[in-house]
Amino acid sequence: VLEVAKGGFKMQESAPDPDAANADPKTPLNITGGGSAQGISINLGRGSSMTFANGKLATKRVTMPAFAATLERFVDRPIVDMTNLPGSYDITLDVTPEDYRAMLIRAGVNAGATLPPEVLRFLDGATVPSLFDAMQKLGLNLDARKAPLDLVVVDAARTTPTAT
């Protein structure tokens, strides 16, 4: 669960996107991304982006639900946003080199990359404490607990479509 820490949220909302007033909300988003051993960069559309490189996770104009979804790429479980914070935020989290490596490997695994066993061993016992510490400094907290999740369950699938 992503929630506001006991000391309160310590960030200001991002400045509004100057192009947002002219944008049609029905226009599809064009989301692009790329990555390598040096890091990951994703353009989330409408002025929002995420970069994970050089020991930093940096987001620009992201909502808290989008930030929670971003964090899921780097940890081993789903994250539910329970901050109830409106608006968009620019967030930068510094992590240690060890945690950066574990988070980069986890992002690759979550993206479906096939990695050799010697690389996957870096994930054994990896808890990324510097990520949690960096979030605390911003007034955010990640807490392991049971929370409601939306799931899609497929009972059956047919190779040939049929009329219903």
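Nothing here was measured: the structure is a model prediction, and the numbers come from that model. (Residues numbered from 1 in each chain as written. Predicted model: local features only at pLDDT ≥ 70, side-chain atom pairs only at ≥ 80, totals over all residues. Heavy atoms only, no water.)

**Overview of the sheet that holds strand β6 (residues 89-94)**
Line of reasoning, step 1. A sheet is described by the order of its strands in space; here 5 strands give the open sequence β2-β3-β4-β5-β6, paired in antiparallel fashion. Single-partner strands in this sheet number two, and they are β2 (32-36) and β6. On average, adjacent strands in this sheet sit at an angle of 5 degrees to one another, irrespective of strand direction.
Line of reasoning, step 2. Pairing geometry for strand β5 (residues 56-62) and β6, over 5 bridges, is antiparallel. (Pairing = 2+ DSSP bridges. Helix = DSSP H or I, 4+ residues; strand = E, 2+ residues; numbered from the N terminus. Axes fitted to C-alpha atoms, helices over the stretch in contact; angles between N-to-C directions.)

**So, helix α2 (residues 97-110)**
Line of reasoning, step 1. Between its first and last C-alpha atoms α2 spans 20 Å; for 14 residues at 1.5 Å apiece the expected length is 20 Å, and the two agree.
Line of reasoning, step 2. Among the residues of α2, D99, Y100, A102, M103, L104, I105, R106, A107 and G108 are the ones counted as buried.
Line of reasoning, step 3. Where α2 is buried, its residues meet β2, β3 (39-45), β4 (48-53), β5, α3 (117-120) and α4 (129-137).
Line of reasoning, step 4. Within two residues after α2, G112 carries a phi angle of roughly 95 degrees, on the positive side. (Expected span 1.5 Å × (residues − 1). Buried < 20%, exposed > 50% of the residue type's maximum accessible area, 1.4 Å probe, protein only. Contact = heavy atoms within 4.5 Å.)

**Side note on the confidence of the model for the protein**
Line of reasoning, step 1. The predicted model of the protein has a mean per-residue pLDDT of 85, with 93% of residues at 70 or higher.
Line of reasoning, step 2. The spread of mean pLDDT over the elements of the protein runs between β2, the lowest at 76, and strand β1 (residues 2-4), the highest at 94. (pLDDT = per-residue confidence, 0-100.)

**Some thoughts on the nonpolar core**
Line of reasoning, step 1. Formed by 34 residues in total, the largest nonpolar core has its most connected members in L2, F52, F67, I91, L93, L131 and M135.
Line of reasoning, step 2. When residues of this core are traced back to their parent elements, those giving at least two are β3, β4, β5, α1 (64-72), β6, α2, α4 and β7 (140-142).
Line of reasoning, step 3. It is α2 that provides the largest number of residues to this core, a total of 6 residues.
Line of reasoning, step 4. Aside from chain neighbours lying at most four places away, what touches L131 is L71, V75, L93, V95, D99 and M103. (Core = buried A, V, L, I, M, F, W, Y, C linked by side-chain atoms within 4.5 Å.)

**Here we look at a nonpolar patch on the surface**
Line of reasoning, step 1. There is a patch of nonpolar side chains on the surface, built from L149, L151 and V153 and spanning about 340 Å² of accessible area.
Line of reasoning, step 2. Structurally, L149 is set in the segment after β7.
Line of reasoning, step 3. Overall, L149 belongs to the partly exposed group, its relative accessible area being 45%. (Patch = residues over 30% accessible without salt bridge, like charges linked within 9 Å, V, L, I, M, F, W, Y side chains within 5 Å. Areas by Shrake-Rupley, 256 points an atom, 1.4 Å probe, with all protein chains shown as cover. Salt bridge = Lys/Arg side-chain N within 4 Å of Asp/Glu carboxyl O.)

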